[in-house]
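Spelled out, the chains give:
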Amino acid sequence: MRHATKLADLGVDGLEAVLAQAIAWKQGPHPRHIPGKILGLVFFNPSLRTRASFEAVAMRGGGSAIVLEVGGGVWKLEDRIGAVMDGDKAEHLKEAVPVLARYVDILAVRTFAGGADDAADFLDPVINGFRQYSTVPVISMESAVEHPCQGLADMMTARETFGSTKKLPVTLTWAPHIKPLPKAVPDSFLLTAAAAGCEVRVAHPKGFELHPQVIAEAESFAKATGGSVSITNNLDEALTGSRVVYTKAWGPATKSGLGPEAVKQFPEWMTSRAHMEKAAKDAIFMHCLPTRRNVEVADGVLDHPNSKVVDEAENRFHVQRSLVDWILKG
Amino acid sequence: MRHATKLADLGVDGLEAVLAQAIAWKQGPHPRHIPGKILGLVFFNPSLRTRASFEAVAMRGGGSAIVLEVGGGVWKLEDRIGAVMDGDKAEHLKEAVPVLARYVDILAVRTFAGGADDAADFLDPVINGFRQYSTVPVISMESAVEHPCQGLADMMTARETFGSTKKLPVTLTWAPHIKPLPKAVPDSFLLTAAAAGCEVRVAHPKGFELHPQVIAEAESFAKATGGSVSITNNLDEALTGSRVVYTKAWGPATKSGLGPEAVKQFPEWMTSRAHMEKAAKDAIFMHCLPTRRNVEVADGVLDHPNSKVVDEAENRFHVQRSLVDWILKG
Amino acid sequence: MRHATKLADLGVDGLEAVLAQAIAWKQGPHPRHIPGKILGLVFFNPSLRTRASFEAVAMRGGGSAIVLEVGGGVWKLEDRIGAVMDGDKAEHLKEAVPVLARYVDILAVRTFAGGADDAADFLDPVINGFRQYSTVPVISMESAVEHPCQGLADMMTARETFGSTKKLPVTLTWAPHIKPLPKAVPDSFLLTAAAAGCEVRVAHPKGFELHPQVIAEAESFAKATGGSVSITNNLDEALTGSRVVYTKAWGPATKSGLGPEAVKQFPEWMTSRAHMEKAAKDAIFMHCLPTRRNVEVADGVLDHPNSKVVDEAENRFHVQRSLVDWILKG
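Since this is a predicted model, take the numbers as computed values, not measurements.

Undergrad: Which residues make up the interface of chain B and chain A, and what values go with them?
TA: Taken together, the contact between chain B and chain A spans 31 residues of the former and 30 residues of the latter. Inspection of the region where chain B meets chain A yields six salt bridges. Residue A:Arg60 pairs with B:Asp105 through a salt bridge whose shortest N-O separation is 3.0 Å. Seen at the junction of chain B and chain A, the total is 14 residue pairs in polar contact (both at pLDDT 80 or more). The set of elements that each furnish at least two residues to the side of chain B that touches chain A consists of β2 (64-69), β4 (89-92) and α3 (93-103) of chain B.

As structure tokens, then:
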């Protein structure tokens, strides 16, 4: 049985297979490839694109989706082993997950990082609890560490634009925000771009370091695919000649000594047309969305013809459809 | 591409076509007229009938529906151009709408008036943002200015009862409530009844005037169809000889000088059997629902055989099914 | 037209028919027995298993489900006759129920007991309002008095394990909790086990008596089927030789003089391995879920191979599918 909660579940071969099928299926009529199948979509955190695109995958494929909102229409769920459950969590993953697995064919889960402790978040207890207790395949719709479907959609968009991602210079740039956000999206962009053979440059102010384990894994992918990974605090350097500018806000590293307010203290990191002009002439702009206009990214960048954010979001549908197919073939 | 966010999108011809098809389809078996289509239903405000009836339209037609609750399972959305998005709205319509349009075949939207300023509400920024940014047809499930599906269901109900609405005397009467409500439903009743050729009488206490632009538009429809529009503060006069009594609570006009508590100050406007007895002998009672019993309308009116409120709600399904068909033929 | 809001709607014959079909259908491929049908699922209270399993019933059967969350995406509903609706409830069941019945083929409803007054709860006004005002069949997804689908799933699980439930000794044991819970699940276990011919033993501390009307009804079922009902405050006695240990927390009886904190005052009633060892050697453990580990039930019981809680939850799907079939044949 295949799961897809992290890029390592696919590896480079799986990544290539999923992207190739997604690009092929985008050209033709919708294949009804999952007739009668039920996707169980479990949200511990809110969603627009992810929910709508996964529901569309189910429906276009001839199946259907059950959506459960934990803490909304569903009570909160415990993940700690041995807990005395006298708090606000009414059910343990040990019961909830195997039960849901009896009703559906695939479980997809969204759960954000707590954000208080990088090391604790890296253990990713909720998504790993689903993997452990489920008898059907589990897909991540973003967990504390990775957002693999986003990374796949990002690379699909880059390949549609440039044909290939081999040695493609791409820049992941940190951006300001009103509050610290999780690192799953930057983690997945870094990992997936490295696994797709890109020359990946990550730029952020000091103190906003990504998980070291993720950087090491990206370097390992890059070694296998002929790509490269570099990390810098110098944004200009990272932008020069880049074909993709990928902007994302995230919170400071736990051990940086920076508080949550630090995310507001580097307004010059908001991506503007001036930033885009430092990149290659044909550089495209990408962002996973949602984005706060004129906080993370200036209107002029998002409204420019080279912004690919809507195509990138559409590609969530295509890669997810292909990923579901890959999982069910496992 | 056709939208349907206001009656003017249909015009008199579209109105007649949608009603004729709705009445015909009600007689026979459900046509599976939208196989495989996805309706995206976006709610900025809560709903019972509207959500259930639109989901039923999708399912009975062979398609499916994706329901998104903004501010519930989905973050709040910004509509202001050029906004610095450092407040409570995490995504702009400029991104959210075109992205959703990539996943679904039709977008339907519910968004209520803010209620603080009639002139600002009349600009109807959310529904108009959807029209502007969507690449698929947009249907209003009620916006700040109109509730076109309700108006269609109202006229269908009147025609089922009386055969024709030509010169039919119908009375829209204001009613008390515990809080000021939007004007979209009375606006749409007025517009649609005028466009269907009725002799429309609107009665309300001083200070509860409807949007003057809507009244002017209704007069223009009436001129085209042989109907008429009259506005009065004298309810008895408005009821005399009327064949339809249509009750609805709404808030005071911004410039009336009345505060929100004014909606409680005219208890004699609660529709009672005494009011119904002033109308024609065969007069039917209509209300869009939900209604607060014994605040807006007395039990004796709602429980009377001449109350058509449940048929009227059922007709929401029939006119919406027909409207979807009209839109996809566009 | 058949409803299923209480076991008496099925009687012993209906119970046997539903269980037989559920067990038979579990062996084979999913029958597409409700093509095109719409189930309207109305939740006044949150749900995980109930919602997911009923949605799965609709989808596996070839139909679909509309989910409405009252107080969430839908306003609150009034049930009192003659009420002046100037409070927090925006619509009366008298309107909401017949309207929904025009859109769907079956209405299923979840509504918990208020918990402040057993006698008032026993009138079960919401579910009975649905029965009264609906023109389509109504199924209970748990009401103030009974949870018939749970009782059916419980008996299906016992029969799968032991072949027959005739004279089967089964023990319903009260357990501690952090707050008083409704009595619908213990009521339904008692009623359904009695109607299935079990030797039912109910054990609870003094003051936690179940509804006397339910006990009387269970005794009447037992008389008809050769079963028996006994009530005790002595748990050891109730466990001795029992083949099923069924644990459930519930609140004190209104007239017991016990306050809500009483549910925390009997920690020795938490089901542990020591309790299980007093039962028969092959005794299975059952619980309707959700359960608070190490408050109601010890980890060692839930993690033991004789725990059937996940099978029991799966059987919710099977009995509900069969119940829908029984209802539509009515």
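We are not done yet, so read on.
Undergrad: Tell me about the side chain of B:His92, and please be specific about residues and values.
TA: Counting through the fold element by element, B:His92 comes out in strand β4. Filtering out sequence-adjacent residues up to four positions away, B:His92 remains in contact with A:Arg293, B:Glu78, B:Asp79, B:Arg80, B:Ile81, B:Met85 and B:Tyr133.

Undergrad: Got a sec to walk through the relation of the copies chain A and chain C? Specific residues and values, please.
TA: When chain A is brought onto chain C, the operation consists of a screw motion whose angular component is 120 degrees and whose axial shift is 0.0 Å, with 0.0 Å RMSD remaining. Within this description, the copies of the chain are treated as partners about a three-fold rotation axis.

Undergrad: Talk me through the sheet that holds strand β11 (residues 284-286) of chain A; I want residue IDs and the actual numbers.
TA: All names here are of chain A. With respect to topology, five strands assemble into an open sheet ordered β9-β8-β7-β10-β11, the strand pairing being parallel. Each end of this open sheet is capped by a strand with a single partner; those strands are β9 (228-232) and β11. Pairwise comparison of adjacent strand axes, ignoring direction, gives a mean angle of 20 degrees for this sheet. In the sheet, strand β7 (residues 169-175) pairs with strand β8 (residues 199-203) via five bridges, with the strands oriented parallel. Bridged to Pro169 within β8 is Glu199.

Undergrad: Explain the interface of chain A and chain C to me, using residue names and the numbers behind them.
TA: Each partner contributes residues to the interface: chain A has 31 residues there, and chain C has 30 residues. Interface of chain A and chain C: buried area, both sides summed, is about 2,700 Å²; carbon and sulfur atoms make up 59% of it. Our count for the contact surface shared by chain A and chain C stands at six salt bridges. Elements with a contribution of two residues or more to the side of chain A that touches chain C: β2 (64-69), β4 (89-92) and α3 (93-103) of chain A. Per element, the largest residue contribution to the side of chain A that touches chain C is eight residues, and it comes from α3(A). Looking at the side of chain A that touches chain C residue by residue, the classes come out as 17 nonpolar, six polar and eight charged.

Undergrad: Describe the pattern of salt bridges, listing the residues and the values that go with them.
TA: It is possible for side chains of opposite charge to pair when their charged atoms get near one another. Evaluation of the coordinates by the stated rule reveals 70 salt bridges over all chains. One salt bridge connects A:Glu160 with A:Lys26, and the closest N-O pair in it is separated by 2.7 Å. Within this pair, whereas A:Glu160 is found in helix α6 (residues 148-162), its partner A:Lys26 is found in helix α1 (residues 7-27), the two being separated by 134 residues in sequence. Residue C:Lys6 pairs with C:Asp9 through a salt bridge whose shortest N-O separation is 4.0 Å. The class for C:Lys6 is partly exposed, based on a relative accessible area of 32%. Residues participating in the shared-partner salt-bridge network are A:Lys94, A:Glu95, C:Arg293, C:Asp299 and C:Asp303.

Undergrad: Outline the packing of helix α12 (residues 309-328) of chain B against helix α3 (residues 93-103) of chain C, supporting the account with residue identities and numerical values.
TA: Between α12(B) and α3(C), the shortest axis-to-axis distance is 9 Å and the interhelical angle comes to 35 degrees. Once α12(B) is placed against α3(C), the crossing between them reads as right-handed. Within the contact between the two elements, α12(B) uses B:Val309, B:Val310, B:Asp311, B:Ala313, B:Glu314, B:Arg316 and B:Phe317 and α3(C) uses C:Glu95, C:Pro98, C:Val99, C:Arg102 and C:Tyr103. Along the lines of polarity and charge, the residues of the contact of α12(B) with α3(C) split into seven nonpolar, no polar and five charged.

Conventions used here
Residues numbered from 1 in each chain as written. Chains lettered and ligands numbered in written order. Predicted model: local features only at pLDDT ≥ 70, side-chain atom pairs only at ≥ 80, totals over all residues. Heavy atoms only, no water. Contact = heavy atoms within 4.5 Å. Salt bridge = Lys/Arg side-chain N within 4 Å of Asp/Glu carboxyl O. Polar contact = N/O pair within 3.5 Å; in protein donor to acceptor, adjacent residues only side chain to side chain. Helix = DSSP H or I, 4+ residues; strand = E, 2+ residues; numbered from the N terminus. Least-squares fit on C-alpha atoms with pLDDT ≥ 70 in both. Pairing = 2+ DSSP bridges. Axes fitted to C-alpha atoms, helices over the stretch in contact; angles between N-to-C directions. Buried area = accessible area lost by both parts, 1.4 Å probe. Nonpolar A, V, L, I, M, F, W, Y, C, P; charged D, E, K, R; others polar. Buried < 20%, exposed > 50% of the residue type's maximum accessible area, 1.4 Å probe, protein only. Left-handed = near helix turned anticlockwise from the far one by under 90°.

As far as function goes, none of this settles anything; it's purely spatial.
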